[in-house]
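Residue-level listing of the chains:
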Amino acid sequence: MSEPILIENPMYIVDARGVRKGSSFTIIDGEVNFKERIKSGRIVDARNRVVSIGFYNCHSHIPMILLAGFYSNLGFWPWLKNIISLENKLMDKGILNDENTYYSSLIYCSLLARSGCCGIVDMYYYWWSAVNACEKIGLRIMSGPPNPNSWSSFRREISRINYNLFTPIINMHSLYGVDINIIKSVVDEIRSNIPWIKLHIHVSETRDEVYGIWSKYGKYPIQLLEEYNLIDNSLLVHLCWTTYSEIELLKHRRCFMAHCPTSNALLYTGSVAPIVELDEVGVVVTLGTDGFNPSYEVNLRRVAKDSVLQLRQQYWSAEVSAWDVYRFLAVNGAKLFGVDNVIAEGRNPDIVLMDIVREARSFVDEDNLIEFIVYSPELTPVRMVIVNGNIIYDSGFNSDVEKEITYALSKLSNVRRKVCEFMGEVENEE
Amino acid sequence: MVKYAAALYSGGKDSTYSLHLAYLQGYVIKCLLVIIPPKDSELYHTPYVNLTLLQADSLGLPFIRIKGDGMDALRTALAKLRKDYPEVKYIITGALRSDYQRMRFNFIASEFNLKVISPLWRKDQEEYLRDVVRHGIRFTLTSISVKGLPPKYLGKIIDERDVEEIIMLSKVHGFNPAFEGGEAETLVLDAPLFRKKLIIEDYEVIHEWEYVYRLLIKRIRVVEK
């Protein structure tokens, strides 16, 4: 049982149905109620605030914040090659371990929650550490062991998790990282036990990847996935180099995609995903931070802003609106997580409360609120995040989490020093 | 950083306009790549590709000219480009919506570690056609192979009124207004980057069959601007 919450007099409410003037409502055990007043519980003064459904980070490798800034100016393939080599060496030395990935994940999750994130899809080594970090903070998470090779190992791995906001997902890295026949047989085996489970896979991120697949199979990546019946119920990540013939194959399929504009641009992968066309054919477009990070900034709303800016530039038009990006960030993200995306009687959405700062207040109205949310995160900062009926962030975390974050920061500063020393040794050896 | 580029050039509106935009975006065009394909090429623009010599002269650019088709022809052209212009790192293409072109160009370019820039990629087709004319690309149609596009455009420099008419006809008859599906082929006679312009002095419109027409250019002249 979570503490009842009264959201009192919000200025506006935003959800899948659009923007409307706000009215007070309660959240009791996660369920929205516009009629009932609570006698005890938490009363939130939302007079100058916007209430929105939650935001979702639909693709990430959250512990990688430990390696932020390394090899960050090399472009995709040299970066990936160097990072994998570094990760392997750090694992051999015991520097990259479940404890350190937990603390890295905790930092990442705390930064994400500050930008209104309510759920994360993740793929990384020591995957349970990211789940534990999400549990500590109270976030939803979809994850699972990377590149599982059988149902029995997958079941063994996921059975170690006992967190009600955890959903397993089949994390297969990519078509160039794992043989398609293995992907097919493992996915089929897992789905024969968990029929609803999603496949989470990187697809068509770079030109070389697509060329490699095309040279090997004589098909583009989506065509290959189609041949193996792996499109439905999948979360396809990136799709930067997707062709029109592939988009046709995705028409009216139960398929999700995670668009990661900030990561794609920073790694200059050379092509922007055809988001307008994918959205038009019914692919559920969501947003993700991805794992590459040249600094320590983790901000889901920045990703949303980057997305609309990049797409407008790409299409030379305003075909992608602020509302579209809000849909990707919140409405479609909620769909992926199977969470309600409307704030209505009897529904159970995650909730984000954003301030409208004093300077902007007189300029915001129902017609331009979405523009303020998408283009001006600094004018509409997140103040509160409610996941599954629990306040997980209220201009800060609870004292227990804050204490753990403080410890994680000091711990990671030491780990980071060790990584730098280790890199120096490697360079000297070379 | 100077961005040295080579433009894959067919002499039509798409390759000329993409070269124009690349120039505006700061690419330094070192040469043109001209593929002389067989008549039925799926990858390259064919009619009057031989006139690209005159256009290259108008642009004041050297060119690499390769006879052939498919990916091999481009591979040969890029190998020569690598040898003659090692400073070139980018290939400019006029791909609009054809993945067949875009991806094949990209695949071959990746073998030579070249990046492909397609400034027209996924732009709105109607707006694109308006922009081409608005930005001073003077072109005519050299062939028509779609129902609904009248032969009066063959040999005529397409103006803004023609563009609106073509867009309207494309909606009525369901063809691509930028002719991306090969509905028509074009020849650029003048453009902002041309130092000289081409003038068609004598031509004939050949009605090949049903709604297929071809422009037979009998005499063409290059004049100083």
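Residues numbered from 1 in each chain as written. Chains lettered and ligands numbered in written order. Predicted model: local features only at pLDDT ≥ 70, side-chain atom pairs only at ≥ 80, totals over all residues.

Enquirer: Help me out: how do you make sense of the overall build of chain B in this one?
Expert: The number of helices and strands found in chain B is six helices and nine strands. Summarising its shape, the C-alpha atoms of chain B cover approximately 45 × 35 × 30 Å along the three principal directions. Here chain B holds 225 residues, and 43% of them are scored as buried. Counting contacts in chain B only where the partners sit at least 6 residues apart, residues at least 24 apart contribute 72% of the total. (Helix = DSSP H or I, 4+ residues; strand = E, 2+ residues; numbered from the N terminus. Buried ≥ 20, exposed ≤ 12 C-beta atoms within 10 Å, placed from the backbone. Contact = placed C-beta atoms within 7 Å.)

Enquirer: I tried to follow the nonpolar core on my own but got confused; where do I start?
Expert: A general tendency of soluble globular proteins is for nonpolar side chains to be buried together. Residue and element names in this part refer to chain A. Cys109, Leu139 and Val385 are the most contacted members of the largest nonpolar core, which totals 134 residues. No other element matches helix 12 (residues 322-337), which puts nine residues into this core. Residue assignment places this core across two domains, with domain 1 (5-54 + 343-394) and domain 2 (55-337) each supplying three or more. (Core = buried A, V, L, I, M, F, W, Y, C linked by C-beta atoms within 7 Å. Domains from an automatic or database assignment.)

Enquirer: How do you make sense of the packing of helix 6 (residues 207-217) of chain A against helix 4 (residues 99-111) of chain B when you look at a structure like this?
Expert: Packed helices, taken two at a time, are described by the angle their axes make and the gap between the axes. The N-to-C vectors of helix 6 of chain A and helix 4 of chain B enclose an angle of 100°; their axes lie 10 Å apart at closest approach. The orientation of helix 6 of chain A with respect to helix 4 of chain B, classified from their angle, is roughly perpendicular. Between helix 6 of chain A and helix 4 of chain B, the contacting residues are Arg207(A), Asp208(A), Tyr211(A) and Trp214(A) on the first element and Asn106(B), Phe107(B) and Ser110(B) on the second. Of the residues belonging to the contact of helix 6 of chain A with helix 4 of chain B, the class tally is three nonpolar, two polar and two charged. (Axes fitted to C-alpha atoms, helices over the stretch in contact; angles between N-to-C directions. Parallel < 35°, antiparallel > 145°, perpendicular 65-115°, else oblique. Nonpolar A, V, L, I, M, F, W, Y, C, P; charged D, E, K, R; others polar.)

Enquirer: Teacher, can you tell me more about the packing of helix 2 (residues 98-114) of chain A against helix 3 (residues 127-137) of chain A here?
Expert: Residue and element names in this part refer to chain A. It is at 8 Å that the axes of helix 2 and helix 3 come closest, and there the two elements cross at 45°. The angle between helix 2 and helix 3 places the two elements in the oblique class. Crossing of helix 2 over helix 3 shows right-handed handedness. Contact residues: helix 2 offers Asp98, Thr101, Tyr102, Ser105, Leu106, Cys109, Ser110 and Ala113, while helix 3 offers Ser129, Ala130, Asn132, Ala133, Cys134, Lys136 and Ile137. Its residues assigned to classes, the contact of helix 2 with helix 3 shows eight nonpolar, five polar and two charged. (Left-handed = near helix turned anticlockwise from the far one by under 90°.)

Enquirer: Could you clarify how one ought to interpret helix 3 of chain A in this entry?
Expert: Note: α-helices contain 3.6 residues per turn, so residues at a spacing of three or four share the same orientation. All names here are of chain A. Along helix 3, nine of the eleven residues are buried, which leaves the element largely enclosed by surrounding structure. Of all the positions in helix 3, only Trp127, Trp128, Ser129, Ala130, Val131, Ala133, Cys134, Lys136 and Ile137 are classed as buried. Positive phi shows up at glycine 138, right after helix 3, with a value of about 105°.

Enquirer: Help me understand helix 11 (residues 300-315) of chain A, please; the structure alone is not making it clear to me.
Expert: With 16 residues, helix 11 of chain A extends 23 Å from end C-alpha to end C-alpha; this agrees with the ideal 22 Å at 1.5 Å per step. Three or more residues of helix 11 of chain A are buried, namely Leu300(A), Arg301(A), Val303(A), Ala304(A), Lys305(A), Asp306(A), Ser307(A), Val308(A), Leu311(A) and Gln314(A). (Expected span 1.5 Å × (residues − 1).)

Enquirer: Mind showing me how you'd approach the sheet that holds strand 14 (residues 234-238) of chain A here?
Expert: Whenever strands of a sheet pair, they do so through backbone hydrogen bonds, lying parallel or antiparallel. Residue and element names in this part refer to chain A. Sheet architecture is open: five strands sit in the order 12-13-14-15-16, paired in parallel fashion. The sheet is open, and its two edges are formed by strand 12 (170-174) and strand 16 (284-287), each paired on a single side. Strand-to-strand, the axes of this sheet are offset by a mean angle of 25°, without reference to chain direction. For strand 12 and strand 13 (residues 199-203), the ladder comprises three bridges, and the chain directions are parallel. Bridge pairing in strand 13 places serine 174 opposite histidine 202. (Pairing = 2+ DSSP bridges.)

Enquirer: I'm lost on the domain arrangement of chain B in this one. Help?
Expert: Put simply, an interface is often sized by how much accessible area is lost when its parts join up. Residue and element names in this part refer to chain B. By the assigned domains, chain B splits into domain 1 (3-117) and domain 2 (135-224). Using C-alpha coordinates to define each centre, domain 1 is positioned 21 Å away from domain 2. The interface is formed by 20 residues belonging to domain 1 together with 22 residues belonging to domain 2. Each residue belonging to the side of domain 1 that touches domain 2 can be placed in one class, and the counts come to eight nonpolar, nine polar and three charged.

Enquirer: Hey, could you run me through the sheet that holds strand 2 (residues 12-15) of chain A in this one?
Expert: Residue and element names in this part refer to chain A. With mixed pairing, six strands are arranged side by side in an open sheet as 3-2-7-17-18-19. Two strands close off the open sheet at either side, each with one partner strand: strand 3 (18-21) and strand 19 (390-394). Put simply, the sheet's adjacent strands are angled 20° from each other on average, direction ignored. Pairing of strand 18 (residues 382-387) with strand 19, which is carried by four bridges, proceeds in the antiparallel orientation. Bridging across to strand 19, valine 385 finds its partner in tyrosine 393.

Enquirer: Sorry if this is basic, but what is going on with the pairing of strand 14 of chain A here?
Expert: Working note: regular strand, side chains alternate between the two faces of the sheet. All names here are of chain A. Across the five residues that make up strand 14, a large majority, five, are buried. With five bridges connecting them, strand 13 and strand 14 associate as parallel partners. Each bridged residue has a counterpart across the sheet, and for valine 203 the counterpart in strand 14 is histidine 238. Running through helix 8 (residues 244-249), the crossover from strand 14 to the neighbouring parallel element strand 15 (residues 255-259) is right-handed. (Right-handed = clockwise from strand over helix to strand, strands pointing away.)

Enquirer: I would appreciate a short explanation of the environment of Phe194(B) in the present structure.
Expert: Residue and element names in this part refer to chain B. Locating phenylalanine 194 in the fold gives a position in the loop between strand 7 (184-190) and strand 8 (196-209). Looking at phenylalanine 194, the number of C-beta atoms within 10 Å reads 23, which means it is buried. With 178 residues separating them along the chain, phenylalanine 194 and threonine 16 place their C-alpha atoms 9.9 Å apart. If we skip the residues at most four places from it in the chain, phenylalanine 194 touches Ser58, Leu59 and Lys225.

Enquirer: What should I look at first to understand the pairing of strand 8 of chain B in this one?
Expert: Residue and element names in this part refer to chain B. Judged by how many residues are buried, strand 8 sits mostly at the surface: one of 14 residues are covered. Alignment of strand 8 against strand 9 (residues 212-224), held across twelve bridges, turns out to be antiparallel. Each residue of the ladder has a partner; that of valine 205, found in strand 9, is leucine 215. The turn joining strand 8 and strand 9, which pair antiparallel and follow one another in sequence, is formed by two residues; a positive phi near 40° is taken by glutamate 210.

Enquirer: When you look at the interface of chain B and chain A in this model, what are you seeing that I'm missing?
Expert: Taken residue by residue, the interface counts ten residues in chain B and 13 residues in chain A. Broken down by element, the residue count for the side of chain B that touches chain A peaks at five residues, all from helix 4 of chain B. Of the residues contributing to the side of chain B that touches chain A, the split by class is two nonpolar, two polar and six charged.

Enquirer: So what exactly am I meant to see when it comes to unusual backbone geometry here?
Expert: Residues apart from glycine generally show negative phi values, whereas peptide bonds are mostly found in trans. All names here are of chain A. In the Ramachandran plot, asparagine 233 falls in the positive-phi region, its phi being about 60° despite a non-glycine side chain. Among the structural elements, asparagine 233 can be located in the loop between helix 7 (221-227) and strand 14. You can call asparagine 233 partly exposed: it has 17 C-beta atoms within 10 Å.

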